[in-house]
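If you want the building blocks of each chain, they are given just below.
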Amino acid sequence: MLKTVSDADLDKIKKAVKDLPPESKIEVLTMLEEELFVTRFKSLLTEFRDSAKKYPITIEEIRKEAETVRKERYEGRN
């Protein structure tokens, strides 16, 4: 079961973190980043999938675009 934190408790946590020395703040930040990585990654994947549904593209369109870019870069070197 998820525990909820009241606004007052959250304010206490924020104040406690604010009062920490920089090294400890970095430790808290690292912990939060690790804890939230899966959630953030899933959100990013959802955004990619939604975008792909909204703007579908075929493998042939990708190949043509890649060839165009390669050609432009090759011609720019010569």
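Here's what I pulled together on the structure shown here. (Residues numbered from 1 in each chain as written. Predicted model: local features only at pLDDT ≥ 70, side-chain atom pairs only at ≥ 80, totals over all residues. Heavy atoms only, no water.)

Concerning the packing of aromatic side chains
As enumerated under the stated definition, the model contains one aromatic pair in all. Where Phe37 meets Phe41, the ring centres are 5.8 Å apart and the plane angle is 15 degrees; that geometry is what we call stacked. One end of the pair, Phe37, and the other, Phe41, are both in helix α2 (residues 22-54), four residues apart, so they sit about a helical turn from each other. (Phe/Tyr/Trp six-rings, centres within 6.5 Å; stacked < 30°, edge-to-face > 60°. Helix = DSSP H or I, 4+ residues; strand = E, 2+ residues; numbered from the N terminus.)

Points about the pattern of salt bridges
Applying the stated criterion across every chain, the model contains three salt bridges. As a salt-bridge pair, Glu67 and Arg70 come within 2.9 Å of each other at their nearest N and O atoms. Placement of both Glu67 and Arg70 in helix α3 (residues 59-77) is noted, with a separation of three residues, approximately one turn of the helix. Look at Arg70 and you get exposed, because its relative accessible area is 52%. (Salt bridge = Lys/Arg side-chain N within 4 Å of Asp/Glu carboxyl O. Buried < 20%, exposed > 50% of the residue type's maximum accessible area, 1.4 Å probe, protein only.)

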